[in-house]
Protein chains: 2
Amino acid sequence: MADLYLGIDLGGTNIKTGLVREDGKLLDAVSVPTGKGPDSVIGNMVASAKQVMGKTRVDKAQVAALGIASPGALDTVHGIVKMAGNLEGFINLPLLERVRAGLGIPGVLENDANAAAFGEYFGGIGKTKGVKDMVLFTLGTGVGGGIIYQGELIRGSHDVAAELGHMVIQPGGIPCTCGRRGCLERYASASACGDRAMAALQSSKEPSTLREVLAKNGAVTSADVVYHAETRHDAFADRLWDETCRFLAMGCVTSLYHTDPELIVLAGGMVKAGEFLRARVEKYIKELYFDLAPMQAGIVLAVLGNDAGLIGAAGLARQAREKGKLR
Amino acid sequence: MADLYLGIDLGGTNIKTGLVREDGKLLDAVSVPTGKGPDSVIGNMVASAKQVMGKTRVDKAQVAALGIASPGALDTVHGIVKMAGNLEGFINLPLLERVRAGLGIPGVLENDANAAAFGEYFGGIGKTKGVKDMVLFTLGTGVGGGIIYQGELIRGSHDVAAELGHMVIQPGGIPCTCGRRGCLERYASASACGDRAMAALQSSKEPSTLREVLAKNGAVTSADVVYHAETRHDAFADRLWDETCRFLAMGCVTSLYHTDPELIVLAGGMVKAGEFLRARVEKYIKELYFDLAPMQAGIVLAVLGNDAGLIGAAGLARQAREKGKLR
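Residues numbered from 1 in each chain as written. Chains lettered and ligands numbered in written order. Predicted model: local features only at pLDDT ≥ 70, side-chain atom pairs only at ≥ 80, totals over all residues.

In this section: the overall build of chain A. Helix and strand counts for chain A come out as 11 helices and 13 strands. Over its C-alpha trace chain A gives a radius of gyration of 20 Å, about what one expects of a compact globule, namely 20 Å for 327 residues. By the burial criterion, 54% of the 327 residues in chain A qualify as buried. Residue pairs at least 24 apart in sequence account for 63% of intrachain contacts in chain A once pairs closer than 6 positions are excluded. (Helix = DSSP H or I, 4+ residues; strand = E, 2+ residues; numbered from the N terminus. Rg over C-alpha atoms; globule rule 2.2 N^0.38 Å. Buried ≥ 20, exposed ≤ 12 C-beta atoms within 10 Å, placed from the backbone. Contact = placed C-beta atoms within 7 Å.)

As structure tokens, this is what we get:
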């Protein structure tokens, strides 16, 4: 009986491919280098799928569908990567069709941030909490987002919904890679936290144990800020971290005002800070969210780490199969 | 054949009740004073419905369902007004059940801002444009919102979705009635435009023809700002208006980043400014919206005026009937 799903998470460096059960549990996964150029990358995607099936002794007949999580601007309805900055030659590429042809398994294509959000819904913290409505913020180099509403991804009418990192939270603020200023991701991403710490160290003479880090490494990361705030009780680091959490809370509140989810999930590299992140963001959400309704949405940390994308892609394949929407 | 729908828009001052066809066209409507206290208000709602049926010679058997648009905090699933500041005694009131009992017609209850948004979708500009995904901003005393996604209202998991007036667009900015600072409605509502103009006149000596208005009327409204900017070419008024439109555009962009609609609709009193509002907001949206995708969403003015709420309530009754969700 075909009750397994392949999830393929295509990244700029690696392809992570796994087999996922109907209940969202990951059976096993492999990681292979992405390669260069569409033919090579697609070949590696197909090979990685065969590799994980071989490793788990799963026959193709047991695989009901596949899901691909891809970066870039997509046309998910037609399974096309319109453009992906990190993947050479990925321009108007019918990625889903090509992978399907290579494996003989129908599937779906979804953007990586949405797939990761759906992963936490389908097999992670959203499943544990039993929710149908959630918003996920991925805190890494940038801030990614995904919105699940009544058990489904909000994709939008042009496949660009949930670009939560680009809501403006500081008019005229820090310039963003998108060409505008004051976007959430320039304040609340892991990179932004490090960048803001460095800028603040350089523009003041305030004492801080982070100065040793800057002198030694030539840079300060969000992990440094967390360590020096939480463990070394450095006031400067603590203020930087506090601001980061407060900016993130502003973004969360604006999202609460849009789709009113049951759960806000924080994901991505910065989640390593654990409760030191979660509790502070929660505190500021409570402070910022007006009390027409009590603050009912929970705020939690993601649990799937780097597996979220492939588990979500597999989950979306399962959902598409149920709805008769596999391609 | 029952193919008509009653829409009842309950306001703090008046109740507007109309009969709406399946295609969203308003047959006729009446307006009666709201009255005071639940019994009186509910009596007036029932009487207004009978009045419009009498006026149009429509028999109860022709009315398939009714929709009520109400202010306040609601439990739409159970048809209950939990609390409505403008309506004395409306505390945990089973409004839908009471009106249904008075008329013998099943129905639905929805908050007024959502109903107005659904009205433009079902019988107004959204219908004309043939869209399924839209976001509506109502610009009046505050800024209200409604989000339609794939032909349905996004209500949220606690019935408080689309509170778009309270997204923070200016951290630490102007205090809002919600207890926080920097909310969109303190910058982009009709009242906020007038308030900001008065504050700016009082804190500067810059010449402006608006000073005559302030001296004569003791206040400046958004309509004054528009008139003096557009017709009298007053530089001060023009700058105030420009800022208002730019703040509103920021809110629109943040909404685009959430649900990626096909259409943004501007509604409420400030829409009287017409193209002078629409074109400026559009200009700033184009400037602020990053070009991962071209700016594809249209930005348009609402067309139903004060009828939007009752038409939307009727439309929601129709939708609930189709889904077998009438109560």
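On to the interface of chain A and chain B, then. Facing the 37 residues of chain A at the interface are 37 residues of chain B. Broken down by element, the residue count for the side of chain A that touches chain B peaks at seven residues, all from helix α9 (residues 235–259) of chain A. Residues of the side of chain A that touches chain B, tallied by class, amount to 21 nonpolar, 11 polar and five charged. (Nonpolar A, V, L, I, M, F, W, Y, C, P; charged D, E, K, R; others polar.)

Further remarks concern the domain arrangement of chain A. Split into domains, chain A comes out as domain 1 (4–112) and domain 2 (125–303). Taking the mean C-alpha position of each, domain 1 of chain A and domain 2 of chain A sit 29 Å from one another. (Domains from an automatic or database assignment.)

Residue and element names in this part refer to chain B. A sheet is described by the order of its strands in space; here three strands give the open sequence β5-β6-β7, paired in antiparallel fashion. Two strands bound the open sheet, and with one partner strand each, they are β5 (73–75) and β7 (91–93). Each neighbouring strand pair of the sheet contributes to a mean axis angle of 20°, computed without reference to strand direction. Strand direction decides the pairing type here: β5 and strand β6 (residues 80–83), joined by three bridges, are antiparallel. Considered in β6, the bridge of D75 is made with I80. (Pairing = 2+ DSSP bridges. Axes fitted to C-alpha atoms, helices over the stretch in contact; angles between N-to-C directions.)

Moving on: the packing of helix α8 (residues 222–230) of chain A against α9(A). All names here are of chain A. As a packed pair, α8 and α9 sit with axes 8 Å apart at the nearest point and diverge in direction by 120°. On the basis of their axis angle, the class for α8 and α9 is oblique. The two elements α8 and α9 meet at a crossing, and its hand is left-handed. Residues V225, V226, H228 and A229 of α8 touch α9, and the partners they reach there are A237, D238, L240 and W241. (Parallel < 35°, antiparallel > 145°, perpendicular 65-115°, else oblique. Left-handed = near helix turned anticlockwise from the far one by under 90°.)

Per-residue confidence for chain A averages 94 on the pLDDT scale, and 98% of its residues sit at or above 70. Two summary scores accompany this predicted model of the complex, namely pTM at 0.93 and ipTM at 0.90. (pLDDT = per-residue confidence, 0-100.)

Related by rotation about an axis and a shift along that axis, the two copies of the chain form a pair. Its rotation angle being 180°, the transformation that places chain A on chain B also includes 0.0 Å of axial translation and leaves an RMSD of 0.0 Å. Look at the turn and shift together and you get a two-fold axis relating the two. Here 100% of the interface residues in chain A have copies in chain B that are interface residues too; the copies meet face to matching face. (Least-squares fit on C-alpha atoms with pLDDT ≥ 70 in both.)

All names here are of chain B. If you trace the backbone, F276 turns up in helix α10 (residues 275–288). A residue is classified by how many C-beta atoms lie within 10 Å of it, and F276, with 15 of them, is partly exposed. Counting along the chain gives 125 residues from F276 to G151, while the straight-line C-alpha distance between them is 29 Å. Setting aside its immediate chain neighbours within four residues, F276 contacts V226 and E230.

As a further point, take unusual backbone geometry. Residue and element names in this part refer to chain A. Phi at R57 takes a positive value of approximately 55°, unusual for a residue other than glycine. Of note in this structure, N92 is not a glycine but carries a positive phi near 45°. You can see N92 is positioned in strand β7 (residues 91–93).

Residue and element names in this part refer to chain A. Burial analysis of strand β12 (residues 263–267) places five of its five residues in the buried class, the great majority of the element. On β12, burial covers both faces: L263, V265 and A267 on one face and I264 and L266 on the other are all buried. Direction of pairing for strand β9 (residues 134–139) relative to β12: parallel, over a ladder of five bridges. Bridge pairing links T138 to A267 in β12. As judged from the four bridges shared by β12 and strand β13 (residues 298–301), these two strands associate in the parallel manner. The partner of L266 across the bridge, within β13, is L301.

Attention now moves to the sheet that holds strand β10 (residues 143–149) of chain B. Residue and element names in this part refer to chain B. If you trace the five strands from one edge of the open sheet to the other, you get β11-β10-β9-β12-β13, paired in mixed fashion. In this open sheet, the two edge strands, each paired with only one partner strand, are β11 (152–153) and β13 (298–301). Those strands touched by helix α9 (residues 235–259) are β9 (134–139), β10 and β12 (263–267), and its axis lies near 155° from that of β9.

Attention now moves to the environment of A:G151. Mapping A:G151 onto the fold places it in the loop between β10 (143–149) and β11 (152–153). Sequence spacing of A:G151 and A:C252 is 101 residues, and the spatial spacing of their C-alpha atoms is 19 Å.

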